[in-house]
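Tertiary structure, described
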Amino acid sequence: MELTFKDVNYIYSPGTPFEYRALENFSMHVPSGSFAAVIGHTGSGKSTLIQHINGLLQPTEGTVQVGGFVIEAGKKNKHLRDLREKTGIVFQYPEHQLFEETVEKDIAFGPKNFGVEEAEIEQRVADALEAVQLSEEMKDKSPFDLSGGQMRRVAIAGVLAMKPEVLVLDEPTAGLDPRGQKEMMEMFYRLHEQEGLTTVLVTHSMEDALTYADSVVIMNEGKKFMEGEPLEVFKQKEQLRDVQLDVPEVLAFLEKVENRLGVAIDYRKQSLAELAKDLTSELGRGDGHE
Amino acid sequence: MNNSMIIGQYVPGHSLIHRLDPRTKILIIFFFVITVFFANSVWSYAILTAFAIGTALATRVPLSFVAKGLKPVWFLIIFTFLLHLFVSRQGDILFTVLGFPFYEESLIQGATLSLRFFLLILFTSLLTLTTSPIEITDAIESLLHPLKRIKFPVHELALMMSISLRFIPTLMQEAEKISKAQASRGVDFRTGSIKDRMSAIIPLLIPLFVSAFKRAEELAMAMEARGYQGGEGRTKIRELVFYKKDYSAFLFFLLVIAATIGTRM
Amino acid sequence: MSEQVEFRNVSFRYQEDAPRVLKDVDFSIDRGEWVAIIGHNGSGKSTIAKLMNGLLFAESGEVRVSGEVIGEENVWDVRKQVGMVFQNPDNQFVGTTVRDDVAFGMENRGIPREDMLRKVPESLKAVQMEAYEEHEPHRLSGGQKQRVAIAGVLAVAPDYMILDEATAMLDPKGRQEILETVRNVQQESDLTLITITHDLNEIVAADRVIVMNEGEVWFEGTPREVFSHKEALSRIGLDVPFVAKLTEELRSQGVHVKEEPLNHEEMVEELWNLRSKM
């Protein structure tokens, strides 16, 4: 399913002294089956943005289109339920939404609400557990007896069991240790590929955006600040620094190499080994003058 | 996100009433409530009404806010009045409308009871309109201080109240977050039968409880790490001081009481 | 004596029949040092923090702070010396305003009100939060709340400050704020600082690193020494900085990188020196 925002404005508490414009003339397009990253500081409008994708919020002005579903300002949406079944949102710290007695029941909660048949649900629970790499025996345990990392996987399985076509991830690796973060991102990327999902990742990690995303949107104060193919966007270092965002480390490093050594190395997502090779061959050439 | 959350009905401001010591306000309200029950003449009611309305105006809180605070009780006030008018039959018939007699005594009784009710609600609501919840907590701790001698846990009570106040916005944000997460999993909080809606609450309440317990546990540990060992030997940075304006307020209020008592029949 | 925190053969488990989370842990930390304790989640590093100020007690072995073994009788004295900042910014904010929260620790110690009124703005200034004295917690960002928590610790002037994953829940900007704050504080006082963290920038900034794995001390050394063991670190689930990875790749291609560079600047210098020899 493709995803389109067209001139979306969203205002919290309109007409009160607390009125606050969280999205301003925001447009974006994510083609079906592609992976988009959204980056910005806390308060830049990212979480308001993702809540529009499954109709938790309705635009104050403008249109949001998700596949065949259209959410328009000022119009009542009749197909909200169907839309929510097709869009899975993994919120920040999703383990906080667990509540059932067993892992199985919690994963089955979403599909049940959407009226999926018993036999089908059973199959989906098994598939979802496998997708998040938890063993089958887990399903009779209480989710509250699991470790933090396992709880998060159960919560994610609960979203996957809805069989969404659009998957929205809000900082899914927050609070995990480095290994856990890497495993989690690789899991989502595999699912994205296997299931042909349209994925929207909200993140602070430039590295993750560079590694996994097909396109990136940089948000600043409710507006779209930059947009494009990740590597192209991240090469605009000055612009990123204007809004106090980091440049991916490898690009920041190559910039310093260029400034100090006068050697420009083009980064095209090569591996560290290739980068080391580029460095040695460029430096070995040694054009002499300092 | 919208951070402008108002707890209770407190309307921040700098009026004289806002700046009075919260203990002054609580004590005056306490004695005002008693005085209202002593009033029994037109003049005594007039004085108390003038005092209450004058104070309300002095808070400089927009009258619409004051009215909003009274909204849930308007019904009660009017109901009390009508009940007296139609049910009790005392005194002479004053006049008849469409064959229905209105009695003089009932009319007066209904009017005074509703007026009392109105005065009590209006005046007590001025406290919550002009005093932040934490100031009220401080005042309660200070006023209940003598009860410590009979082992009443005054300090613990005040600490509990202030921590609750501190965590209300946090838990409200959390409730919003969880209800959105469950709505995304297909829970419908808005439509369906009462039974459906009741069961929709469970996926919201359980995570909220779990999180509140976890917060409480972590908070207790943090407090312990910061040396909290109960009220014994503790000092306080929040301090309440009676100033000249508080004494003046008491003095003025004494005059109002004296005038009310003096105009009794 | 210069050894200020000592763990001598410390073992610990949360329940009788549970496996030990710490096994024979033995290390010491000197006065004024900045030590980072790292390890994957569940490696026992947070347990170490709680043993240092008597929130937990060792099952066997001794934990000494300033020469004294921590026990039930002196735990409140120990807590006066050891300040602690926890992971969740919300769950350690006790006061209804910033000022009340900074004062909380001083109130517990019975410090006179006049002193508190002087100390609160001073401590807030040290963490660059002096403009927020009247603010309520729900109007602050996570990084600001953590800075207030640090101010609350500084206000009681402890000898040790432990940051127990204090930046784990913050965004990059918040982490940066805390790291700068901590660096300033450490420079301007003789505070002994113990940070428990995954954050590579925090680790690089420390004087010494203790690496925990499966409840045991796995390695102790300077950040430079630690990050030269790239392979082994990633085997126990830990990350190494970009420059350390690059150093390794350069070496495997026969480039002789002498020192172990820790940051971009050092790496670029190293490359500059190497350039003629390539």
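Because the structure is predicted, anything quoted here is derived from the model rather than measured.

So, on to the overall build of chain B. Summing up its helical and strand segments, chain B has nine helices and two strands in all. For chain B, the succession of helices and strands along the chain, N to C, is α-α-α-α-β-β-α-α-α-α-α. Taking the principal axes of the C-alpha coordinates as reference, chain B spans close to 70 × 55 × 35 Å. Counting across all 265 residues of chain B, residues that qualify as buried make up 40%. Carbon and sulfur atoms form 71% of the exposed surface of chain B, whose accessible area is close to 15000 Å².

This brings us to the domain arrangement of chain B. Domain assignment breaks chain B into domain 1 (16-131 + 241-262) and domain 2 (145-225). Each of domain 1 of chain B and domain 2 of chain B has a C-alpha centre, and the two are 36 Å apart.

A common way to report how large an interface is uses the accessible area buried once the components associate. Across the boundary between the two partners, chain A contributes 27 residues, which contact 19 residues of chain B. Across the interface of chain A and chain B, roughly 2000 Å² is buried in total on both sides, 61% from carbon and sulfur atoms. Put simply, chain A and chain B have one salt bridge between them. Between chain A and chain B we count seven residue pairs in polar contact (both at pLDDT 80 or more) in total.

Residues and elements named next belong to chain A. With antiparallel pairing, the four strands of this open sheet are ordered in space as 2-1-4-5. Only two strands of the sheet have a single neighbouring strand rather than two, namely strand 2 (20-30) and strand 5 (69-72). On average, adjacent strands in this sheet sit at an angle of 20 degrees to one another, irrespective of strand direction. Of the strands in this sheet, strand 1 (3-12), strand 2, strand 4 (61-66) and strand 5 are in contact with helix 1 (residues 46-53), which crosses strand 1 at around 120 degrees.

Glancing now at the UniProt feature "transmembrane region" (unreviewed entry) in chain B. Residues and elements named next belong to chain B. Residues annotated in UniProt with the feature "transmembrane region" (unreviewed entry) correspond here to residues 26-53, 73-103, 115-134 and 247-263. In this annotation, residues 26-53 is assigned 89% helix and 0% strand; the end-to-end C-alpha distance for the span is 17 Å. As a span, residues 115-134 carries 90% helix and 0% strand, and end to end its C-alpha atoms are 31 Å apart.

A few words on helix 6 (residues 172-188) of chain C. All names here are of chain C. Spanning 17 residues, helix 6 covers 24 Å between terminal C-alpha atoms, matching the ideal 24 Å at 1.5 Å per step. Of the residues making up helix 6, those classed as buried are Gly174, Ile178, Leu179, Thr181, Val182, Val185 and Gln186. Along the axis of helix 6, the buried positions cluster into a sector of 165 degrees, meaning they face one direction only. Among the exposed residues of helix 6, those pointing more than 90 degrees away from its buried face are Gln187 and Glu188.

The subject of this paragraph is the UniProt feature "domain: ABC transporter" (unreviewed entry) in chain A. When the UniProt feature table is mapped to this numbering, "domain: ABC transporter" (unreviewed entry) covers residues 3-246 of chain A. Counted over residues 3-246 of chain A, helix gives 36% and strand 26%. Its end C-alpha atoms are 27 Å apart.

Moving on, we come to the packing of helix 3 (residues 42-58) of chain B against helix 9 (residues 244-262) of chain B. Residues and elements named next belong to chain B. Closest axis-to-axis distance for the helix 3/helix 9 pair is 8 Å, and the angle between their directions is 160 degrees. As judged from the angle between their axes, helix 3 and helix 9 are roughly antiparallel. Together, Ser44, Ile47, Leu48 and Phe51 of helix 3 and Phe252, Phe253, Val256, Ala259 and Thr260 of helix 9 make up the contact between the two elements. Tallied by class, the residues present in the contact of helix 3 with helix 9 amount to seven nonpolar, two polar and no charged.

Moving on to the pairing of strand 6 (residues 82-85) of chain C. Residues and elements named next belong to chain C. A two-sided burial pattern is seen for strand 6, the buried positions comprising Val82 and Met84 on one face and Gly83 and Val85 on the other. Taken together, the four bridges between strand 6 and strand 7 (residues 160-164) define a ladder with parallel strand orientation. Directly across from Gly83, in strand 7, lies its bridge partner Met161.

Moving on: the pairing of strand 4 of chain A. Residue and element names in this part refer to chain A. Bridging between strand 1 and strand 4 involves five bridges; their strand directions are antiparallel. Bridged to Leu3 within strand 4 is Val66. Bridge analysis of strand 4 against strand 5 gives four bridges, and the strand direction is antiparallel. What sits directly across from Val64, in strand 5, is Ile71. Turn length for the strand 4-strand 5 hairpin, with the two strands adjacent in sequence and antiparallel, is two residues, and the turn residue Gly67 shows positive phi of about 55 degrees.

All names here are of chain B. Look at helix 3: 24 Å from first C-alpha to last across 17 residues, which is about the 24 Å you get at 1.5 Å a residue. The set of residues buried in helix 3 consists of Ser44, Tyr45, Leu48, Thr49, Phe51, Ala52, Thr55 and Ala56. Looking down the long axis of helix 3, one finds its buried residues gathered within 160 degrees of arc, a one-sided arrangement. Opposite the buried face of helix 3, at more than 90 degrees from it, the exposed residues are Val42, Trp43 and Leu57. In this structure, the buried side of helix 3 is in contact with helix 1 (16-19), helix 2 (22-38), helix 5 (104-130) and helix 9. Backbone geometry just after helix 3 places Arg60 at a positive phi near 60 degrees.

About the thresholds
- Residues numbered from 1 in each chain as written.
- Chains lettered and ligands numbered in written order.
- Predicted model: local features only at pLDDT ≥ 70, side-chain atom pairs only at ≥ 80, totals over all residues.
- Heavy atoms only, no water.
- Helix = DSSP H or I, 4+ residues; strand = E, 2+ residues; numbered from the N terminus.
- Buried < 20%, exposed > 50% of the residue type's maximum accessible area, 1.4 Å probe, protein only.
- Areas by Shrake-Rupley, 256 points an atom, 1.4 Å probe, with all protein chains shown as cover.
- Domains from an automatic or database assignment.
- Contact = heavy atoms within 4.5 Å.
- Buried area = accessible area lost by both parts, 1.4 Å probe.
- Salt bridge = Lys/Arg side-chain N within 4 Å of Asp/Glu carboxyl O.
- Polar contact = N/O pair within 3.5 Å; in protein donor to acceptor, adjacent residues only side chain to side chain.
- Pairing = 2+ DSSP bridges.
- Axes fitted to C-alpha atoms, helices over the stretch in contact; angles between N-to-C directions.
- UniProt positions renumbered as here; feature names shortened; annotations may be inferred.
- Expected span 1.5 Å × (residues − 1).
- Arc of directions from axis to C-beta.
- Parallel < 35°, antiparallel > 145°, perpendicular 65-115°, else oblique.
- Nonpolar A, V, L, I, M, F, W, Y, C, P; charged D, E, K, R; others polar.

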